[in-house]
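Analysis of the macromolecular model
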Amino acid sequence: MENQDLNTILEENRTFPPSQEFSQKAHISSLEQYQTMYKESTENPEKFWSQVAEELHWFKKWDKVVNSENAPFFKWFENGKTNISYNCLDRHLDSATKNKAAIIWEGEPGEERVLTYQGLAREVQRFSNSLKKLGIKKGDRIAIYLPMIPELAISVLACARIGAIHSVIFAGFSADSIRDRVLDCEANLVITADGGWRRGKMLALKNIVDQALEECPCVKDVLVVRRSEHHNFPHSFQEGRDHWYHDLSQDVSDKCPAEEMDSEDMLFLLYTSGTTGKPKGIIHTTGGYMVYTYLTSKYVFDLKPTDIYWCTADIGWVTGHSYIVYGPLANGATCVMYEGTPNWPDEGRFWNIVQRHQVSIFYTAPTAIRAFMKWGDKWPEKYDLSSLRLLGTVGEPINPEAWIWYNKVIGQERCPIVDTWWQTETGGMMITPLPGCTVTKPGSASLPFFGVDADVLTENKEPTNAGLLAIKKPWPGMLRGIYGDPERYKNTYWSKWPEYYFPGDGAKRDKDGYFWILGRVDDVVNVSGHRIGTAELESVFVEHSSVAESAVVGIKHEIKGQGLIAFVSLKRGIEGTKDLEQELTKWVANKIGKFVVPERIVFSADLPKTRSGKIMRRLLRDIAEGSTLGSVTTLADPSVLDDLKKKYEDED
Ligand code: WT7
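Below or above, wherever it landed, is the structure these notes cover. (Residues numbered from 1 in each chain as written. Predicted model: local features only at pLDDT ≥ 70, side-chain atom pairs only at ≥ 80, totals over all residues. Heavy atoms only, no water.)

1. Focus on the sheet that holds strand S23 (residues 481-482)
- If you walk across this open sheet you meet the eight strands as S12-S11-S8-S6-S7-S14-S15-S23, and the pairing is mixed. Where the open sheet ends on each side, the last strands, each with one partner, are strand S12 (242-244) and S23.
- Relative to strand S14 (residues 266-272), strand S7 (residues 165-168) is paired through two bridges, and the arrangement is parallel. Pairing of His166 across the sheet is with Phe268, part of S14.
- Of the strands in this sheet, S7 and S14 touch helix H12 (residues 318-330), which is tilted by about 145° from S14. (Pairing = 2+ DSSP bridges. Helix = DSSP H or I, 4+ residues; strand = E, 2+ residues; numbered from the N terminus. Contact = heavy atoms within 4.5 Å. Axes fitted to C-alpha atoms, helices over the stretch in contact; angles between N-to-C directions.)

2. As for the sheet that holds strand S19 (residues 390-394)
- The strand order S5-S4-S17-S16-S18-S19-S20 describes an open sheet built from seven strands, whose pairing is mixed. Taken across any chain shown, the strands that pair with only one partner, and hence form the sheet edges, are strand S5 (112-116) and strand S20 (417-420). The sheet shows a mean angle of 20° between the axes of neighbouring strands, taken without regard to direction.
- The pairing of strand S16 (residues 308-311) with strand S17 (residues 334-338) spans three bridges and is parallel. Bridge pairing in S17 places Ile308 opposite Thr334.
- Packed onto the sheet, helix H6 (residues 117-133) meets strand S4 (101-106) and S5 and runs at close to 90° relative to S5.
- Against the sheet, helix H16 (residues 400-410) makes contact with strand S18 (361-364), S19 and S20, and its axis sits at roughly 155° relative to S19, the strand it touches most.

3. Some words on the environment of Asn207
- Checked against the element boundaries, Asn207 lands in helix H9 (residues 205-213).
- On the basis of relative accessible area, Asn207 is assigned to the partly exposed category, the value being 32%. (Buried < 20%, exposed > 50% of the residue type's maximum accessible area, 1.4 Å probe, protein only.)

4. Topic: the packing of helix H20 (residues 617-625) against helix H21 (residues 639-651)
- With their axes 9 Å apart at the nearest point, H20 and H21 run at an angle of 30° to one another. By the angle between their axes, H20 is roughly parallel relative to H21. For the crossing formed where H20 meets H21, the hand is right-handed. Where H20 abuts H21, its residues Leu619, Leu620, Ile623 and Ala624 lie against Leu641, Leu644, Lys645 and Tyr648.
- The residue makeup of the contact of H20 with H21, split by class, is seven nonpolar, no polar and one charged. (Parallel < 35°, antiparallel > 145°, perpendicular 65-115°, else oblique. Left-handed = near helix turned anticlockwise from the far one by under 90°. Nonpolar A, V, L, I, M, F, W, Y, C, P; charged D, E, K, R; others polar.)

5. Regarding helix H19 (residues 578-591)
- Compared with the 20 Å implied by 1.5 Å per residue over 14 residues, the 20 Å span of H19 between its first and last C-alpha is a close match.
- Listed in full, the buried residues belonging to H19 are Leu580, Glu581, Leu584, Val588, Ala589 and Lys591.
- Each element contacted by the buried residues of H19 is listed here: helix H8 (175-185), helix H18 (534-542), strand S29 (547-557), strand S30 (561-570) and strand S31 (600-603). (Expected span 1.5 Å × (residues − 1).)

6. Notes on the site of the ligand
- What surrounds the ligand is a group of 17 residues, the closest being Asp419, Thr420, Thr424, Asp505 and Arg531.
- Between the ligand and Gly395 there is a distance of 3.1 Å, counted from a nitrogen atom to a backbone nitrogen or oxygen.
- In this structure, Glu396 approaches the ligand through a main-chain N or O atom, which is 3.4 Å from a nitrogen atom.
- Elements with a contribution of two residues or more to the shell around the ligand: H12, S20 and strand S26 (515-520). (Near = heavy atom within 4 Å. Polar contact = N/O pair within 3.5 Å; in protein donor to acceptor, adjacent residues only side chain to side chain.)

7. Examining the pattern of salt bridges
- Counted according to the given criterion, the structure contains 48 salt bridges.
- Two residues, Asp265 and Lys138, come together in a salt bridge whose shortest N-O distance is 3.4 Å. Of this pair, Asp265 sits in the loop between strand S13 (261-262) and S14 while Lys138 sits in the loop between H6 and strand S6 (141-145), and the two are 127 residues apart along the sequence.
- Overall, Asp265 belongs to the partly exposed group, its relative accessible area being 22%. (Salt bridge = Lys/Arg side-chain N within 4 Å of Asp/Glu carboxyl O.)

8. A few points about the side chain of Arg161
- Turning to its location among the elements, Arg161 is positioned in helix H7 (residues 150-162).
- Ignoring any residue separated from it by four or fewer positions in sequence, one finds Arg161 in contact with Asn83, Ser85, Tyr86, Leu89, Asp90, Val124, Gln125, Ser128, Cys256, Pro257, Ala258 and Glu259.

9. What about the side chain of His243?
- Relative to the elements of secondary structure, His243 occurs in strand S12.
- Of the residues examined, His243 reaches a relative accessible area of 19% and is grouped as buried.
- Polar side-chain contacts of His243 include one of 2.7 Å to the side chain of Asp221.
- For His243, the contacting residues outside a window of four places in its chain are Leu134, Asp221, Val222, Leu223, Val224 and Phe237.

10. Some remarks on a positive patch on the surface
- The grouping of Arg198, Arg199, Lys201 and Lys594 at the surface amounts to a positive patch.
- With respect to the element layout, Lys594 can be found in the loop between H19 and S31. (Patch = residues over 30% accessible without salt bridge, like charges linked within 9 Å, V, L, I, M, F, W, Y side chains within 5 Å. Areas by Shrake-Rupley, 256 points an atom, 1.4 Å probe, with all protein chains shown as cover. Lys, Arg positive; Asp, Glu negative; His and termini not counted. Charge placed at Lys NZ, Arg CZ, Asp CG, Glu CD.)

11. Description of unusual backbone geometry
- Note that the residue after Ala71, namely Pro72, is joined by a cis bond; omega there is 0°.
- Along the chain, the position of Pro72 falls in the loop between strand S1 (64-67) and strand S2 (75-78).
- The linkage connecting Trp344 with the following residue, Pro345, adopts the cis geometry, with an omega of -5°.
- Tracing the chain through its elements places Pro345 in the loop between S17 and helix H13 (349-357).

12. Some words on the pairing of S14
- The buried count for S14 comes to six of seven residues, which makes it a mostly enclosed element.
- Both S14 and strand S15 (residues 280-285) contribute to a ladder of six bridges, which runs antiparallel. Counted as the bridge partner of Tyr271 is Gly281 from S15.

Next comes the structure, spelled out in C-alpha cells:
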C-alpha cells in the first residue's frame with residue numbers, strides 16, 4: 001500500500017451512524033447488544049454457536065461444538081448429521097416461505113425466471129436424480145463451469161444434496177485452468193453449458209471444456225445445460241461422454257431425499273491463488289460452513305422476510321457460494337441473480353434491475369463502484385432506487401471517495417454500508433459492520449463479527465496499531481485444509497505465529513478498535529477483487545518459448561484497485577516487439593483467463609537481482625508506480641535498473 005493511501009485512511013475521520021429508523025427495526029439494534037453478544041461468542045463459543053446451530057435442521061445433533069485437539073485441523077459440530085441443501089430448501093417447505101421467490105433470475109438478453117422455494121426444491125431434486133443417473137455418489141468431485149444461470153445454483157445445491165463435492169470454476173477461466181483444477185481433485189464429471197451471455201456475445205463454454213478435457217482422463221461424463229436454445233450456437237458433442245441435461249432429466253423423479261452428511265464431510269472445493277505458481281483447492285466442510293454463512297447473512301444483511309437481496313458477484317467466486325447460494329437461502333431470503341455485465345445494453349443495467357425488482361439489499365465490489373462513478377451519476381439518476389435500504393461491499397479495500405459516492409448517489413444517504421472483510425478461506429464475513437448498530441467510517445471494515453477474535457500484530461507477535469492482521473481461535477466457517485496438501489495448509493496459514501490464523505493482509509487499528517484493511521502483504525495481487533498470485537503469472541510467462549525470466553508486480557489502478565505489470569526478459573536473440581507483446585498477452589489469457597491480463601508487458605535485457613540472484617520486486621514496483629527508487633545497495637548490477645526505468649518511462 002502506498003503511503004499516500006495510508007495517509008488518506010489515517011486522516012479519514014468522518015463517521016456515519018445508522019438512522020434511528022433503521023436501528024429500531026434491525027436484528028442487532030445497539031452497540032451494547034453487539035458488545036454483549038460478542039463477549040458471549042468469544043468467551044463461550046460452544047454455547048453461542050450451539051444456539052445458532054439449533055436454528056437449523058440436524059438429522060442428528062453434534063456431540064461437541066468445536067474440537068481443537070488436532071489443531072489446526074479443527075472440527076466443528078463433531079458427529080452431527082445434517083445437509084445444507086435440506087436447510088436451504090426443505091426446511092422452508094412447511095411454512096409460507098414455500099411459495100416465496102427463492103431466486104429471481106435475469107438473463108443478459110432480458111429474459112426472467114422466478115423460482116419459488118418449492119420450485120427450486122423440485123429443480124434441485126431433479127438435478128440430483130440426474131447426477132445419480134450418471135452414477136455420481138457421495139464423495140465424488142464434480143467440476144462446474146457454468147454461466148450465471150439458475151442451473152449454476154441448482155447444480156451446486158444438487159451436489160450438496162447427494163454429498164458430491166462441487167468445485168465451481170469461474171466461467172472466465174481458460175481451458176488450461178479448468179484442466180489443472182479438474183486434475184488436482186480428479187473430478188469425474190464436468191457440468192457446463194453450451195454457452196453463456198456476456199456483453200451481447202455468447203461465450204463458447206462447452207468448446208473451452210472440450211479443450212480442457214483432452215488431457216483429463218478422470219472425467220467420464222459431461223453434463224451440458226442448454227442456454228443458447230434459440231441461437232443455434234455451434235459446439236461439438238461427444239457421444240457417450242456428453243449428455244444434454246434436458247434429455248437426461250426428462251424422466252427423473254422430482255423427489256430425492258437429502259443425504260445425511262457428517263458435519264465434517266467435505267462440501268466443496270474452491271481454488272484460489274496463493275504465493276506459489278499452483279492454485280490451492282480450499283476445502284470447506286458441511287456443518288460449520290452452513291452455520292457460519294447462515295448467521296453472517298442474517299445479521300450483516302439484517303435479512304427480513306420481505307427483503308429482495310442482490311449480490312452481484314459470480315457464483316464462481318466464494319462471495320457467490322456464501323452470499324448468493326448458501327447463506328441467503330438458508331435464511332429463506334429472496335435473491336436476485338443476474339447473468340451479464342453491468343454495462344449491457346448500457347451503463348444503467350444494474351439500476352434498472354434494482355428498480356424493476358425492488359431490490360432492498362445490494363452487495364457489490366469496490367471495483368464496480370469505481371466504474372459506476374466513472375460512468376457518471378446520470379445512470380443511477382435515471383432510476384428509482386428508493387427500494388434500497390442497505391448497501392454492502394466486498395473484495396478489496398474501498399477508497400473513502402468511492403464509499404462516499406456509494407453512500408450519496410446509490411444509498412441516497414439513507415442506507416448503511418457494510419464493508420465486509422473476509423476471504424475464500426474464511427468461508428464468510430469476518431470483520432464487518434452490523435448495519436443497525438455500527439457507526440461506519442469510510443474505508444474501514446470496522447469490527448469483528450461474533451466469534452471472531454481479531455488482532456493486529458507484528459511479525460514477532462506483539463500487538464501493534466499497524467501491522468499484520470491475525471485471527472485467534474477457530475471459527476465455524478474456516479477452511480479445513482488445502483486439497484491434497486495438509487502441510488501447505490499448516491505452513492501458509494498457521495505457522496507465522498502459534499495459535500493464530502494468518503490471512504496475508506496488512507491492517508491498522510484505530511483508537512475505537514476499528515480495523516482498516518490495507519491490502520495483501522504477500523505476493524498476491526487483487527485485480528478487480530480477483531485474487532492472483534504473481535508467481536502464477538510468472539510461471540505462465542516462462543512457459544513461453546521466447547521468455548527467459550519474468551517478474552510480475554501489482555500497481556495501483558484507478559478502477560481495478562490494482563493492475564499488473566509484467567517485466568519480461570527474453571531468450572538470447574529474441575526481440576521484444578509489439579507482436580510478441582500481443583502474443584504474450586494472448587498466451588496469459590489462454591493459460592489463465594482474460595481477467596488476469598497485465599496492463600503492460602515491459603521487455604528488458606535483464607531484471608534487477610541481488611547478488612544471490614533473487615529478483616528485487618520491490619524496485620520493479622517502484623519503477624512501475626513511478627515512485628522514488630528504494631535502496632539499491634544489494635543489487636548485483638545497478639545499471640540494469642537505470643536501463644529498465646528509462647525503458648519503462650519512454651514507452652509509457
Ligand atoms: C482478499 C481475499 C471475500 C470474498 C471476495 C474475495 C481482500 C476482501 C475486503 C475488504 C479490504 C478485502 C483481502 C483478502 N479483501 N474483502 N472488505 N476490505 N480487503 O475473496 O479472493 O479470497 O480474496 O481480498 O486482501 O485477503 P478472495
